[in-house]
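# Topology and contacts: notes
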Amino acid sequence: TPIPPHSPPGMALPPRPLVAVAQVTSTPDKEHNWAQCSALVKEAAARGARLVFLPEGFDFIGTGREQSLGLAEPLHGPTVGRYRQLARDCDVWLSLGGFHERGSDWDTTGRIYNCHIVLDSSGDVVATYRKTHLYDAEVPGGVSMRESSFTNPGPALVPPVDTPVGKLGLAVCYDLRFPELALALRGAGAQILAYPSAFTVPTGAAHWEVLLRARAIECQAYVVAAAQTGRHHERRVSFGHSLVADPWGTVVAQCQEGTGLCFANIDLEFLERVRRDIPVQEHRRRDLYGCPGAPAP
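Reading the values: the criteria
Residues numbered from 1 in each chain as written. Predicted model: local features only at pLDDT ≥ 70, side-chain atom pairs only at ≥ 80, totals over all residues. Heavy atoms only, no water. Helix = DSSP H or I, 4+ residues; strand = E, 2+ residues; numbered from the N terminus. Rg over C-alpha atoms; globule rule 2.2 N^0.38 Å. Buried < 20%, exposed > 50% of the residue type's maximum accessible area, 1.4 Å probe, protein only. Areas by Shrake-Rupley, 256 points an atom, 1.4 Å probe, with all protein chains shown as cover. 1 Å grid on protein atoms, 1.4 Å probe; cavity = no way out; pocket = protein on both sides within 12 Å on 5 of 7 lines; lining within 4 Å. Points joined across faces, edges and corners; volume = space filled by probe spheres on them. Nonpolar A, V, L, I, M, F, W, Y, C, P; charged D, E, K, R; others polar. Axes fitted to C-alpha atoms, helices over the stretch in contact; angles between N-to-C directions. Parallel < 35°, antiparallel > 145°, perpendicular 65-115°, else oblique. Left-handed = near helix turned anticlockwise from the far one by under 90°. Contact = heavy atoms within 4.5 Å. Pairing = 2+ DSSP bridges. Expected span 1.5 Å × (residues − 1). Bend = angle between axes of the 7 residues up to and from the residue. Core = buried A, V, L, I, M, F, W, Y, C linked by side-chain atoms within 4.5 Å.

What follows covers the overall build of the protein. What the protein contains, in helices and strands, is nine helices and 16 strands. Relative to the globule expectation of 19 Å for 297 residues, the C-alpha radius of gyration of the protein, 19 Å, shows essentially globular dimensions. Considered along the principal axes of its C-alpha atoms, the protein spans approximately 55 × 55 × 35 Å. Considering the protein as a whole, with its 297 residues, one finds that 53% of them fall into the buried category. Looking at the protein as shown, the accessible area adds up to about 12900 Å², and 55% of this sits on carbon and sulfur atoms.

Here's what the structure looks like:
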């Protein structure tokens with residue numbers, strides 16, 4: 001029997017915090033991207049959002065390996081500095097979904113990290129997750145990509161972050177295809193899973209929504225997916241369709257084509273009811289299959 005999405009009439013409800021999901025078209029022009037993203041963050045904050053999600057590549061999407069390496073910055077560089085000030089000015093938390101980071105090993109590896117940064121409303125960096133699954137794929141009709149040619153894989157998952165809207169588990173784009181990661185974050189207490197992305201059009205049309213809804217259903221968590229959309233340059237186009245799915249797997253907010261915002265309330269009472277009524281975490285047979293993704297004996 002479907003679980004009703006709302007409490008019975010007359011029942012006192014706690015405030016349900018609002019999140020905003022930004023959909024943008026990044027280019028190699030950092031100033032263009034900053035103007036686009038900062039305007040959406042200001043609009044979201046003015047409409048009451050507590051946390052604003054930006055997609056992978058919010059800082060830029062380059063035309064290739066050399067340009068991406070050349071445009072990358074360290075975390076203490078000017079791009080993150082601007083967003084830290086923006087968070088303070090707007091009194092809003094930010095999920096910066098995929099920053100091209102020159103890490104501490106830049107001088108030795110010559111490669112960057114795809115870094116998901118969370119800023120609090122004081123502009124402090126409260127979490128950094130470096131994408132662990134790199135997209136090396138060649139899809140018929142799509143773009144051949146080898147992210148590993150210029151990006152280091154992240155070394156670890158990070159614990160869910162306490163935010164004003166709930167405990168937030170961090171991932172990036174291609175991580176969506178690995179349910180083990182989502183289940184590990186759920187086991188660590190995540191109530192919301194973030195998948196900032198820049199999906200290609202062929203894979204987006206086939207897999208985007210069904211994978212996001214699957215992660216929401218199997219983890220009984222909100223899933224928030226800010227996405228790139230449209231043509232970034234002559235060699236790359238993204239699918240768009242940013243969305244929020246609730247713990248029942250219902251898409252409760254979605255962008256279509258073009259840049260913009262969608263909004264959703266995060267109802268943690270509803271989340272706990274879903275988890276209580278179908279207690280899959282308690283039913284997991286770890287004696288049979290061990291940790292998520294571990295080989296069978």
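A separate point is the layout of surface pockets. One way to see where empty space is left: roll a probe the size of a water molecule over the atoms. The calculated volume of the largest pocket comes to roughly 630 Å³. The wall of the largest pocket is formed by 35 residues, among which Gly62, Met145, Glu147, Phe150 and Arg236 lie closest to the centre. Listed by contribution, the elements that provide at least two residues to the lining of the largest pocket are helix H2 (65-71), strand E3 (93-101), strand E4 (113-119) and strand E7 (145-146). The leading source of residues in the lining of the largest pocket is E3, at three residues. For the lining of the largest pocket, the class distribution of residues is 13 nonpolar, 14 polar and eight charged.

Let us now look at the packing of helix H1 (residues 30-46) against helix H3 (residues 78-90). At a minimum axis separation of 10 Å, H1 and H3 run at an interaxial angle of 20°. Taken together, H1 and H3 sit at an angle that is classed as roughly parallel. The element H1 and its partner H3 pack so that their crossing is right-handed. Mapping the contact onto sequence places Lys30, Glu31, Asn33, Trp34, Cys37, Ser38, Val41, Lys42 and Ala45 in H1 and Thr79, Arg82, Tyr83, Leu86 and Cys90 in H3. A per-class count over the contact of H1 with H3 returns seven nonpolar, three polar and four charged.

Strand order in the open sheet made by the six strands is E8-E9-E10-E11-E14-E15, with mixed pairing throughout. Where the open sheet ends on each side, the last strands, each with one partner, are strand E8 (161-163) and strand E15 (251-254). Strand after strand, the sheet turns through a mean of 25° between neighbouring axes, direction not considered. Bridge count between strand E14 (residues 243-245) and E15: three bridges; the pairing is antiparallel. Pairing of Val244 across the sheet is with Ala253, part of E15. Contacting strand E10 (192-194), strand E11 (222-225), E14 and E15, helix H6 (residues 201-219) crosses the sheet at an angle of about 150° to E11.

Another point: the side chain of Ser68. Within the secondary structure layout, Ser68 lies in helix H2. The exposure class assigned to Ser68 is buried, which follows from its relative accessible area of 5%. Non-local contacts of Ser68, meaning those with residues more than four positions away in its chain, are made with Phe60, Gly62, Ile112 and Phe150.

The periodicity of an α-helix, 3.6 residues per turn, causes residues three or four places apart in sequence to face the same way. In this model, H6 (19 residues) spans 26 Å end to end at C-alpha, consistent with the 27 Å of a helix rising 1.5 Å per residue. At His207, H6 shows its largest kink, close to 50°. Every buried residue of H6 is listed here: Thr203, Gly204, Trp208, Leu211, Leu212, Arg215, Ala216 and Cys219. On its buried face, H6 is in contact with helix H5 (179-187), E10, E11, strand E13 (236-239), E14 and helix H7 (268-277).

Let us look at the pairing of strand E5 (residues 125-130). Bridge count for E4 against E5 is five bridges, and the pairing is antiparallel. When the bridges of E5 are listed, Val118 appears paired with Ala127. Where E4 hands over to E5, the hairpin turn is made up of five residues, of which Gly123 adopts a positive phi near 85°.

Quick look at the sheet that holds strand E2 (residues 51-56) now. With mixed pairing, six strands are arranged side by side in an open sheet as E5-E4-E3-E2-E1-E16. Edge positions in the sheet fall to E5 and strand E16 (260-265), since each has one partner strand and no second. Across the sheet, the mean angle separating the axes of adjacent strands is 20° when strand polarity is ignored. Where E2 meets E3, five bridges bridge the pair, whose relative direction is parallel. Following the sheet pairing, Phe53 is matched in E3 by Ser95.

Turning our eyes to something else, we now look at the nonpolar core. By size, the foremost hydrophobic cluster in this structure holds 51 residues, and its most contacted members are Phe53, Leu168, Leu170, Leu193, Tyr195, Trp208 and Leu212. Tallying contributions element by element places H6 first for this core, with five residues. Excluding residues that lie within four positions of it along the chain, Leu212 makes contacts with Leu176, Tyr195, Val223, Ala225 and Leu243. Ranked by size, the runner-up nonpolar core spans 27 residues in total, among them Ala20, Val24, Leu54 and Val92.

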